[in-house]
Amino acid sequence: MKFSISKDKLVEGVNHVMKAVSSRTTIPILTGIKINAGLDGITLTGSDSDVSIKAYIPLEEDDEEYVSIEKPGSIVLQARVFSDIVKKLPSDTVNIEADSRLITRITSGSSEFNLNGLDPEEYPRLPQIEEENIITIKTDLLKHLIRQTVFAVSTSETRPVLTGVNWNIQNGKLDCVATDSHRLASRSVAVESAENATYRNIVIPGKSLNELSKILDDNSGEAVSIVITESQILFKAKNLQFFSRLLDGNYPDTDRLIPNESKTDIVISTKGFLQAIDRASLLAKEERNNVVKFRTLSGEVEISSQSPELGRVFENVQAEEIKGEELKISFSAKYMMDALSKVDSQDIRISFTGAMRPFLIRPVGDDGILMLILPVRTY
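What counts, and at which threshold
- Residues numbered from 1 in each chain as written.
- Predicted model: local features only at pLDDT ≥ 70, side-chain atom pairs only at ≥ 80, totals over all residues.
- Heavy atoms only, no water.
- Helix = DSSP H or I, 4+ residues; strand = E, 2+ residues; numbered from the N terminus.
- Contact = heavy atoms within 4.5 Å.
- Lys, Arg positive; Asp, Glu negative; His and termini not counted.
- Charge placed at Lys NZ, Arg CZ, Asp CG, Glu CD.
- Axes fitted to C-alpha atoms, helices over the stretch in contact; angles between N-to-C directions.
- Parallel < 35°, antiparallel > 145°, perpendicular 65-115°, else oblique.
- Left-handed = near helix turned anticlockwise from the far one by under 90°.
- Nonpolar A, V, L, I, M, F, W, Y, C, P; charged D, E, K, R; others polar.
- Patch = residues over 30% accessible without salt bridge, like charges linked within 9 Å, V, L, I, M, F, W, Y side chains within 5 Å.
- Areas by Shrake-Rupley, 256 points an atom, 1.4 Å probe, with all protein chains shown as cover.
- Salt bridge = Lys/Arg side-chain N within 4 Å of Asp/Glu carboxyl O.
- Pairing = 2+ DSSP bridges.
- Buried < 20%, exposed > 50% of the residue type's maximum accessible area, 1.4 Å probe, protein only.
- Phe/Tyr/Trp six-rings, centres within 6.5 Å; stacked < 30°, edge-to-face > 60°.
- Polar contact = N/O pair within 3.5 Å; in protein donor to acceptor, adjacent residues only side chain to side chain.
- Core = buried A, V, L, I, M, F, W, Y, C linked by side-chain atoms within 4.5 Å.

Quick question: what am I supposed to make of the overall build of the protein chain here?
When helices and strands are counted, the protein chain shows six helices and 28 strands. C-alpha atoms of the protein chain, sized along the principal axes, occupy 80 × 55 × 40 Å. Taking the contacts inside the protein chain whose residues are at least 6 apart along the sequence as the reference set, 66% of them involve residues at least 24 apart. Distance from the positive charge centre (44 side chains) to the negative charge centre (55 side chains) of the protein chain: 6 Å.

And the structure:
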């Protein structure tokens, strides 16, 4: 194998696939990056057997030449070392050559490294996914979708299925739900799919979605193609493939948790409310679960918290609208701030069904997003 490549393109590709490489894997070869030089360009692959990422660097794009291949072939190199080396090479072009003993020579400017490679034949093959029933979604929408749901997944492994986000697709609509059983976030969007494409109980690990979100390019304006199988999901963007395994198990029926009626409704400025909760949480942080108290007054709401060691804080926030019964309720400041910081609209509507019942947060003017939080018993 012998080729030369633009350093910037190589660094970008390596950064993408490094997100799938784990140092704690039980399969030693997965601590490496597989480099494959084909006649049409270079493919880099990183995997930890849960997530696999393939980055492709074409010979040329938009009339710029990125890669010149003298001899096709492949090699696996230690990911951490290779990644550190390519970032620090002195010249804009990198030459990489591997011989029959798997010794790999990397030269750039006056610098030369010789690395011991591993046999590419031993590298696990990525799942072969039949690409039928492709679902298409705009990149920026997918990133929003992940941001607005993945924060609510569980971090505890006691119920592994709750560490993922549940996707259901039907009639060109994608519904995403995440819950850790104390709070819930859901988002619905329209996607392009075959008429009969129906998928239920697709649970994608939260970690996978976070990594995917980091490597998707906001400004590409391109769409992402999604292919779903029994145990895997594949996201295909330009020059990038991201595979993730799906979580086993049935996701709980979250529709039952969502109250149908409300006794108190409040419309309030998202930013003003978020900042007030943030200030109240300064004293609540010391307490075991960061609880703030909330009550309705005429035309405004009062937010308060106290700590025996530190003191008390009160703040009144003007509401746009308050309807229904008077209410006193306590909740986790962290959960409330997590939810509010994901809402892009100016005002939110909060619907309460009593002091000990879950309450709903919705952006005004957007029915596609819904957050639910369970209150804390203090009053």
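Looking at this structure, how should I read the environment of Glu-325?
Considering the arrangement of structural elements, one finds Glu-325 in the loop between β24 (321-324) and β25 (328-332). Considered as a pair, Glu-325 and Thr-296 are 29 residues apart in the sequence and their alpha carbons are 8.8 Å apart.

How should the packing of helix α5 (residues 270-284) against helix α6 (residues 333-340) be read in this particular structure?
Taken N-terminus to C-terminus, the directions of α5 and α6 make an angle of 155°; their axes are 10 Å apart at the nearest point. Between α5 and α6, the angle falls in the class roughly antiparallel. Pair α5 / α6 crosses with left-handed handedness. Taking contact as the criterion, the partners of Thr-270, Phe-273, Leu-274, Ile-277, Asp-278 and Ser-281 in α5 are, on α6, Ala-333, Met-336, Met-337 and Leu-340. Among the residues making up the contact of α5 with α6, the classes are represented as seven nonpolar, two polar and one charged.

Help me out: how do you make sense of a positive patch on the surface in this one?
On the surface, Lys-19, Arg-80, Lys-87 and Lys-88 cluster together into a patch of positive charge. Within the secondary structure layout, Lys-19 lies in the loop between α1 (7-18) and β2 (32-38).

For this particular structure, what's the right way to read the packing of helix α3 (residues 139-149) against helix α4 (residues 206-215)?
Between two packed helices, what matters for the description is the angle formed by their axes and the separation of those axes. One can describe the packing of α3 onto α4 by two numbers: an axis separation of 10 Å at closest approach and a directional angle of 140°. Classified by the angle between their axes, α3 and α4 sit oblique to one another. Seen along the crossing, α3 lies across α4 with a hand that is left-handed. Across from Leu-142, Lys-143 and Ile-146 in α3, the residues of α4 making contact are Leu-209, Leu-212 and Ser-213. Classifying every residue of the contact of α3 with α4 gives four nonpolar, one polar and one charged.

Help me understand the sheet that holds strand β22 (residues 300-307) in this model?
Strands belonging to one sheet form pairs held by backbone hydrogen bonds; the direction of such a pair is parallel or antiparallel. Read across the sheet, four strands follow the order β23-β22-β21-β25 without closing on themselves; strand pairing throughout is antiparallel. Edge positions in the open sheet fall to β23 (311-318) and β25, since each of these has one partner strand only. Each strand axis lies, on average, 25° off the axis of its neighbour in the sheet, ignoring direction. The pairing of β22 with β23 spans eight bridges and is classified as antiparallel. Its bridge partner being in β23, Val-301 is matched across the sheet by Val-317. Across the sheet, α5 lies against β21 (291-296), β22, β23 and β25, angled at about 20° from β22, the strand it touches most. Against the sheet, α6 engages β21 and β25, with an angle of about 80° to β25.

Teacher, can you tell me more about the pattern of salt bridges here?
Side-chain pairs of opposite charge can arise whenever the charged atoms involved come near each other. Summed over all chains, the structure comprises 19 salt bridges. The residue Asp-344 makes a salt bridge to Arg-147 at a minimum N-O spacing of 2.9 Å. Of this pair, Asp-344 sits in the loop between α6 and β26 (347-352) while Arg-147 sits in helix α3, placing them 197 residues apart in sequence. Its relative accessible area of 53% is what places Asp-344 among the exposed residues.

What's the story with the packing of aromatic side chains in this structure? I'm lost.
The full count for this structure, using the stated rule, is seven aromatic pairs. Taking the centre distance of 6.1 Å and the plane angle of 90° together, the rings of Trp-167 and Phe-235 count as edge-to-face. With a gap of 68 residues between them, Trp-167 in strand β13 (residues 164-170) and Phe-235 in strand β18 (residues 232-237) connect regions that are remote in the sequence. Since its relative accessible area comes to 2%, Trp-167 is described here as buried. Measuring from centroid to centroid gives 5.4 Å for Phe-294 and Phe-352, while their planes differ by 35°, and the two rings are tilted. Of the two residues, Phe-294 is situated in strand β21 and Phe-352 in strand β26; the sequence distance between them amounts to 58 residues.

In this structure, what is going on with the side chain of Ser-351? I would like to understand it.
With respect to the element layout, Ser-351 can be found in strand β26. Separated by 2.7 Å, the side chains of Ser-351 and Asp-265 make a polar contact. Setting aside residues no more than four positions away along its own chain, Ser-351 makes contact with Ser-262, Thr-264, Asp-265, Phe-359, Leu-360 and Arg-362.

Can you walk me through the nonpolar core in this structure?
In this structure, Trp-167 and Phe-235 are the most contacted members of the largest nonpolar core, which totals 100 residues. Core analysis: the second largest hydrophobic core is formed by ten residues, Leu-162, Leu-184, Val-203 and Leu-370 among them.

Can you help me understand the side chain of Thr-353 in this one?
Within the fold, Thr-353 resides in the loop between β26 and β27 (359-363). Ignoring any residue separated from it by four or fewer positions in sequence, one finds Thr-353 in contact with Pro-259, Glu-261, Ser-262, Lys-263 and Pro-358.

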